[in-house]
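# Architecture and fold: a report
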Amino acid sequence: MVAGEGTQRKAATQRKTGTQRSTGTQRKTGTRGPDGVAKVTIAEIAREAGVSVPTVSRVVNGRSDVSSATRARIEDLLHRHGYRRRPSAPGARAALLDLVFNDLDSPWAVEIIRGVEEVAHEAGVGTVVSAIHDRAGAARQWMTNLRARASDGVILVTSVLEPGLHDELRRLGVPLVVIDPAGSPATEAPTVGATNWAGGMAATEHVLQLGHRRIGFIEGPPRLLCSRARLDGYRAALDVAGAAVDDALVVPGDFYHESGFTGAGRLLDLDEPPTAIFAASDQMALGAIEALRRRGLRVPEDMSVVGFDDLPEVRWSSPPLTTVRQPLSDMGKVAARMLLDLARDVELASPRVELATELVVRASTAPPRLA
């Protein structure tokens, strides 16, 4: 009897201990890295606390930009779930912003990076820059990398993510801000842009006031809202001036030099070529100037040329380029500030921000040459 009772008690003790160990493991993390530090509890705690993953990450990493009530709630959950903070070197910071472009081979990308980096540096936050090249595989790989690190949020620049990836960002609690959205944003993400319609109209009005009536337009990628707005501004200026809107004067482009070179060639080959060209980007304007040079035409004596962006290099082109200044660096700054506010659960003053453009007149425009 005694031996049997001892055996039963021992078995019960083993069953009880085993259950407690199993439950404890599930409650704490479920998955641990090789160093034994919890890897996935942050997302679980964020859901239970009703806050974003970056908010929990800031508490875990000792950041001060979390309200005392939210911090106390998160700290209590961290304690109850037995979350073990990763040891860090003195002064180490885990906060990051992800800045995602379609491509990085354009000077305007550098301007946006400069603006984002300035704000991120002031906030003590690092910046991870990625290019997804309009390829689904590259976007999915970027998402895999994002899951593997804590990020305060994502700034997406003239790029498109699959709806499933947008859903994944929401599931992870990672906020998103879009600069120059491609088409209607698939999410309710806040956006930052420039007054592209007004800029397109100002550039066209400038050459109209100089006396030009046949004005060629080299457009940007039609999938981008900024491209369509610049084209609409061009057409609106012609309409207001009573000048004919000739569809033959509108040729395709992609914002890069080569398409400006090709587009200018198509315009010059028309039976009645234009006397001025408005390119929807500075790079295309420089490509157009090269096409004119190779045909023995002078700017602005034989053809006026206007760009859009006001990249640093166009002040030094020959001739210096008349263009529409787009505040690219400021757009990066505004997007970064919006994202940091979202990560801190601060309500935005406005989910849609447009910064003003400005016509900058230099030496590439002049009245048309008399026939």
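Everything in this summary refers to the structure shown in the same document. Owing to the predicted nature of the structure, the values given are computational and were not obtained by experimental measurement. (Residues numbered from 1 in each chain as written. Predicted model: local features only at pLDDT ≥ 70, side-chain atom pairs only at ≥ 80, totals over all residues. Heavy atoms only, no water.)

### Remarks on the pattern of salt bridges
One pass over the full model with this rule turns up 16 salt bridges. Ionic pairing is found between Lys333 and Glu118, a salt bridge with its closest N-O pair at 3.6 Å. Taken as a pair, Lys333 in helix α12 (residues 328-343) and Glu118 in helix α5 (residues 107-122) lie far apart in primary sequence, 215 residues in all. For Lys333, a relative accessible area of 17% corresponds to the buried category. Salt-bridge contacts for Lys333 lead to Asp330; the nearest nitrogen and oxygen are separated by 3.9 Å. Placement of the pair is Lys333 and Asp330 together in helix α12, with a separation of three residues, close to one helical turn. Residue classification places Asp330 among the partly exposed residues on the basis of a relative accessible area of 37%. Among the charged side chains, a network of salt bridges with common partners joins Asp310, Arg325, Glu358 and Arg362. (Salt bridge = Lys/Arg side-chain N within 4 Å of Asp/Glu carboxyl O. Helix = DSSP H or I, 4+ residues; strand = E, 2+ residues; numbered from the N terminus. Buried < 20%, exposed > 50% of the residue type's maximum accessible area, 1.4 Å probe, protein only.)

### Quick word on the environment of Ser159
Following the sequence through the fold, Ser159 ends up in the loop between β3 (153-157) and α7 (163-172). Taking the C-alpha atoms as reference points, Ser159 and Asn102, separated by 57 residues in sequence, lie 5.2 Å from one another.

### A short note on the sheet that holds strand β8 (residues 276-279)
The strand order β7-β6-β8-β9-β10-β12 describes an open sheet built from six strands, whose pairing is mixed. Each having just a single partner strand, β7 (250-251) and β12 (358-360) make up the two edges of the open sheet. Pairing of strand β10 (residues 322-325) with β12 involves three bridges; the strand directions are antiparallel. Counterpart to Val324 in the pairing with β12 is Leu359. Where helix α9 (residues 225-241) meets the sheet, it contacts β6 (215-218), β7, β8 and β9 (304-309), and its direction lies at approximately 170° from that of β6. Contacts between helix α10 (residues 257-268) and the sheet are confined to β6, β7 and β8, with β6 contributing the most and set at about 150° to the helix. (Pairing = 2+ DSSP bridges. Contact = heavy atoms within 4.5 Å. Axes fitted to C-alpha atoms, helices over the stretch in contact; angles between N-to-C directions.)

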